[in-house]
Amino acid sequence: MMNDRIKKIEKRYKKELNALLGEGKTLLQQELIKRLESVLVDCLAENNEAAAKDRRVVSLPRKGNLKVFADIHGNWKDYSRIKEIFLGSGKDCYLVLLGDYIHGSPGYQDESEKVLDDLIKLKKRYRKRVIPLLGDHEHSYIGGPNVSKHGVNQTLAFEYRLSPDKMKKYREFFRSLPLLVKTDNGIAISHSGPVRAVVINEVDLIYETNMIDYDDFADIDPYEFRDNTILGNLLWNRNYNQEDARAFLDALSQDGNKCFLAVYGHTPVDGYRMVGGNQLILSPSCFLEIDLSERIKSVEQFKRGMHIKKF
Ligand SMILES: [Mn+2]
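A short tour of the structure in this document, coming up. (Residues numbered from 1 in each chain as written. Predicted model: local features only at pLDDT ≥ 70, side-chain atom pairs only at ≥ 80, totals over all residues.)

Some words on the overall build of the protein chain
The helix and strand tally for the protein chain stands at 12 helices and 13 strands. Since a compact globule built from 311 residues should have a radius of gyration of about 19 Å, the 22 Å found for the protein chain is in line with a globular shape. With respect to the principal axes defined by its C-alpha atoms, the protein chain has extents near 75 × 45 × 35 Å. Relative to its 311 residues, the protein chain shows a buried fraction of 36%. For the protein chain, contacts bridging at least 24 residues in sequence account for 74% of all contacts bridging at least 6. (Helix = DSSP H or I, 4+ residues; strand = E, 2+ residues; numbered from the N terminus. Rg over C-alpha atoms; globule rule 2.2 N^0.38 Å. Buried ≥ 20, exposed ≤ 12 C-beta atoms within 10 Å, placed from the backbone. Contact = placed C-beta atoms within 7 Å.)

Shown next as structure tokens:
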């Protein structure tokens, strides 16, 4: 399928070439233009496919074991246990972290730096099997709006304590993080969501998500960002209505591999919350464990103690 981006480039190319050759082109020139155009379109399509594949959307196969943990927010104790659970699991275990590794909350010591330093190492060591997603708190350093909690601008407060070199290292790591995991057995996992029906509006959602750049969202209206962009929806949306959830899952099914349910973090809930049979919100006191070969079509199939475990 030819997408809008390619069409735009093709149009520009035609305009330039026509301007260059002027009126009264010979048949040979017209034929040449046509052939060059088709070569250009093929090259662009190939290049785009290669560039877009798994850039922001990570696919997981229909085998192995998946563990999903919610927001860590600088809690070193939680992080260490997550790591311990992952390292104690088999070699077919995937670890997906739902984003927001930094910026502590009252009730424990904020060790965001320690968490990040270790997570960067863990990701390097287990490149394919450790999948930390981007959260709104990380995005605030690489092009997203600042985040505040308890009356403090946490984006600025954390950066204030760090050396420029450390910040540079963290920004590099944040830029490398994906937005969405799609499992072969039909589960979509993102920091938040769903992407709203009006935002999807017939675009190729997987392709567009793969092409997202994180820069340049800091200066737009934060409400506009949250409500009307794919990235804003995936990082900030807390409106879990059914029409949007269905549109989101349908759009993610268009590669022929059906998506049945969505899993998010971001919103504080008491343990976990199921919404409408197709959405699950996880909080840090629980984690999700799934056999990737299992057929799961509704969040109501998740059983406490077997899929949803106390953490
Ligand atoms: Mn969040």
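What follows continues from the structure just given.
Notes on the sheet that holds strand 13 (residues 308-310)
What the 5 strands build is an open sheet, ordered 4-3-2-12-13; its pairing is mixed. With one partner strand each, in any of the chains shown, strand 4 (130-132) and strand 13 form the two edges of the open sheet. On average, each strand axis in the sheet is tilted by 20° relative to the strand beside it, whichever way the strands run. With 3 bridges connecting them, strand 12 (residues 286-291) and strand 13 associate as antiparallel partners. Opposite C286, over in strand 13, you have K310 as the bridge partner. (Pairing = 2+ DSSP bridges. Axes fitted to C-alpha atoms, helices over the stretch in contact; angles between N-to-C directions.)

Notes on the pairing of strand 10 (residues 272-275)
As judged from the 4 bridges shared by strand 10 and strand 11 (residues 279-282), these two strands associate in the antiparallel manner. Bridge assignment links R273 to a residue of strand 11, and that residue is I281. Two successive antiparallel strands, strand 10 and strand 11, enclose a turn made up of 3 residues, where G276 displays a positive phi of approximately 60°.

What about the nonpolar core?
With 68 residues, the main nonpolar core has V68, V96, F248 and V263 as its most contacted residues. The element contributing the most residues to this core is helix 12 (residues 242-252), with 6 residues. Excluding anything up to four places from it in sequence, V263 contacts V68, I187, I189, L280, L282 and L288. (Core = buried A, V, L, I, M, F, W, Y, C linked by C-beta atoms within 7 Å.)

Describing the pairing of strand 8 (residues 187-190)
Covered by surrounding structure in strand 8 are I187 and I189 together with A188 and S190, the residues of both alternating faces. Inspection of the sheet shows strand 7 (residues 180-183) paired to strand 8 by 3 bridges, in the antiparallel sense. Within the sheet, the bridge partner assigned to K182 lies in strand 8 and is A188. Remark: 3 residues form the turn of the hairpin made by strand 7 and strand 8, two consecutive strands paired antiparallel; G186 in that turn has positive phi of roughly 95°. Where strand 8 meets strand 9 (residues 261-264), 4 bridges bridge the pair, whose relative direction is parallel.

Considering the environment of Y170
Positionally, Y170 belongs in helix 7 (residues 164-175). Residues Y170 and D117 lie 53 residues apart in sequence; the distance between their C-alpha atoms is 8.5 Å. For Y170, the contacting residues outside a window of four places in its chain are L116 and Y141.

Section: helix 7
End to end, helix 7 covers 16 Å across 12 residues, agreeing with the expected 16 Å (1.5 Å per residue, within 8%). Three or more residues of helix 7 are buried, namely Y170, F173 and F174. All buried residues of helix 7 project into a common sector of 100° when viewed along the axis, lining one side. Exposed residues on helix 7 whose side chains face more than 90 degrees from its buried face are P164, D165, K168 and E172. Residues of helix 7 that are buried in the fold lie against helix 4 (112-125) and helix 5 (136-139). (Expected span 1.5 Å × (residues − 1). Arc of directions from axis to C-beta.)

Remarks on the sheet that holds strand 1 (residues 57-60)
In space, the 6 strands of this open sheet follow the order 1-7-8-9-11-10, with mixed pairing throughout. What marks the edges here is a single partner per strand, and that holds for strand 1 and strand 10. Taking the axes of each pair of neighbouring strands and ignoring which way they run, one obtains an average angle of 20° across the sheet.

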